[in-house]
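The primary structure of each chain is shown beneath.
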Amino acid sequence: MSFQPPKGTDDILPPESRLWRRILTLWEEMSGRYGYPLMLLPVFEATELFARGVGETTEVVTKHVYAFSDKSGRSLTLRPEGTAGAVRAYLNRGGQAVWKGAYSGPMFRYEQPQAGRRRQFYQVGVEYMGVSSPEADVEVIELGWRYLAAAGVEVELRLNSLGDDACRPRYLADLRRFLDEQRTQLPDSMVSLIATNPLRFLDSGPEAIAEAAPRFEDYWCGPCGDHHRAVLGALEGIGIPYTSDHTLVRGLDYYTRTAWEYIGLGLRGAQNAVGGGGRYDDLAKTLGGKPAPGLGFALGLDRIAAVSTLDPEDEIKVFVVSETGPTEALYAATQLRAEGVGVDFDAAARSVKAQLRTAGRRGVPHLVVVRGDDLVEVRRGGEQKQMPLREVASWIRESS
Ligand code: AMP
């Protein structure tokens, strides 16, 4: 019998995983630099959290969740996204005035797998609670933008504002009216979508009709319009280019005001969004907590890895070859590692020739040959030198 990974899941292994590790390390560095500390959150939550938070009429919740009952009969769901859980954690901590956090990890959606669409996929993201100013939006948008640039992913930033309670009902009423008039031209699947989630028509309905539909910008209330203009002004102020897109609505129900997507220029077709985010000023209240504004984004690592131009270096700089058996190789490797050098060796007691072959396959730049005396031989390219082991680490550092 042989097992395969479940449909829509992948084993991410070396050498590809080297790029993933680099992408994740870069994420830790950059999210930290913007003041978003690490959050480690459960990968499953109460099913009700997603139904309430993400929205009962969104496809993510109606069709795409992995929900199950545990042995006590609780209904649990593998998280399809990170925001609902993060806001739950924020509320459980008492809903501090200002709260920032970053996460990374697997998400689960029962979708038809294809390139760029998996059932287990990976996201990094941030959440920023308690601040409603446009500068918070711009900080978050900019972090995603700079992170993607640093990861070697070229994107276009598309932006929209989805209004708030004050202006959205009037917009939705007019949008529904408009879509009702188009009903005869629409496929059945669209008719039910319009009934449950008319906003989604804008990004998934026929383009010509979506283009002709009423535009949110003509309905923004004063504060929503001011907020959006301030976001655009500050983006211009810090040199982040953007495209306004009145059909951008995002797939999750909780967004208010600013919503955006990073579209990967190297990705084709429907799976070209590398990530997206938005404000969700009503989410804390929807989840039964103290009202608090918030916003965040999530980026898909599978798609980032597919187009990233980062060329991650192998951490291993030295391969130790022993002429006297693996114990001596272990001692030498241990010493060099303690001095901060990336080292590997062949722990199987094999011939020098076999060890050299392993080293060759790894493409390691330095060989250190130990042979049972005080001096070791260091080889790099055509160069060879004898020196005490304790000098090897600084020699490599100074001469690389
Ligand atoms: P969303 O949470 O739907 O806004 O998705 C944010 C990002 O996560 C997307 O832009 C994708 O990069 C990634 N993503 C979402 N769903 C999937 C999936 N099924 N497979 C791979 N990546 C995904």
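Enquirer: What exactly am I supposed to notice about the overall build of the protein here?
Expert: Scanning the protein for helices and strands turns up 15 helices and 15 strands. When the backbone C-alpha atoms are referred to their principal axes, the protein occupies close to 85 × 55 × 45 Å. Counting over 400 residues, the protein shows a buried share of 50%. Residue pairs at least 24 apart in sequence account for 70% of intrachain contacts in the protein once pairs closer than 6 positions are excluded. Split by element, the accessible area of the protein, about 19,300 Å² in all, is 51% carbon and sulfur. Each charge class in the protein was averaged separately, 47 positive and 53 negative side chains, and the resulting centres sit 4 Å apart.

Enquirer: I'm lost on the pairing of strand β13 (residues 366-370) in this one. Help?
Expert: Two faces, one strand: in a regular strand the side chains alternate between the faces of the sheet. When you tally the buried positions in β13, you get five out of five residues, the bulk of the element. Residues His 366, Val 368 and Val 370 of β13 are buried on one face, and the alternating residues Leu 367 and Val 369, pointing to the opposite face, are buried as well. Where strand β11 (residues 318-322) meets β13, five bridges bridge the pair, whose relative direction is parallel. The partner of Val 321 across the bridge, within β13, is Val 369. The sheet contact formed by β13 and strand β14 (residues 375-380) spans four bridges and is antiparallel. Across the sheet, residue Val 369 finds its bridge partner in β14, namely Glu 377. Between β13 and β14, which pair antiparallel in sequence order, lie four residues; one of them, Gly 372, sits at a positive phi of approximately 85 degrees.

Enquirer: Would you mind showing me how to read unusual backbone geometry here?
Expert: Negative phi characterises most residues that are not glycine, and trans characterises most peptide bonds. Here the bond from Pro 14 into Pro 15 is cis, since omega is 5 degrees, no more than 30 degrees from zero. Summarising the element assignment, Pro 15 is placed in the segment before α1 (16-33).

Enquirer: How do you make sense of the site of the ligand when you look at a structure like this?
Expert: Contacts to the ligand come from 14 residues, most closely from Arg 109, Glu 111, Arg 118, Gln 123 and Arg 250. One of the side-chain N or O atoms of Gln 123 is found 2.9 Å from an oxygen atom in the ligand. When the free accessible area of the ligand is taken as 480 Å², the share hidden by the protein chains comes to 92%. The element that contributes the greatest number of residues to the shell around the ligand is strand β9 (residues 273-279), accounting for three residues. Residue composition of the shell around the ligand, by class: four nonpolar, four polar and six charged.

Enquirer: I tried to follow the sheet that holds strand β1 (residues 44-46) on my own but got confused; where do I start?
Expert: To summarise the sheet geometry, strands pair through backbone hydrogen bonds and adopt either a parallel or an antiparallel arrangement. The strand order β1-β3-β2 describes an open sheet built from three strands, whose pairing is antiparallel. On the outer flanks of this sheet lie β1 and β2 (66-69), each paired with one strand and no other. Across the sheet, the mean angle separating the axes of adjacent strands is 35 degrees when strand polarity is ignored. As paired strands, β2 and strand β3 (residues 75-78) are joined by four bridges and run antiparallel to one another. Considered in β3, the bridge of Ser 69 is made with Ser 75.

Rules used in this analysis
Residues numbered from 1 in each chain as written. Predicted model: local features only at pLDDT ≥ 70, side-chain atom pairs only at ≥ 80, totals over all residues. Heavy atoms only, no water. Helix = DSSP H or I, 4+ residues; strand = E, 2+ residues; numbered from the N terminus. Buried < 20%, exposed > 50% of the residue type's maximum accessible area, 1.4 Å probe, protein only. Contact = heavy atoms within 4.5 Å. Areas by Shrake-Rupley, 256 points an atom, 1.4 Å probe, with all protein chains shown as cover. Lys, Arg positive; Asp, Glu negative; His and termini not counted. Charge placed at Lys NZ, Arg CZ, Asp CG, Glu CD. Pairing = 2+ DSSP bridges. Near = heavy atom within 4 Å. Polar contact = N/O pair within 3.5 Å; in protein donor to acceptor, adjacent residues only side chain to side chain. Nonpolar A, V, L, I, M, F, W, Y, C, P; charged D, E, K, R; others polar. Axes fitted to C-alpha atoms, helices over the stretch in contact; angles between N-to-C directions.

Structural measurements only, silent on function.
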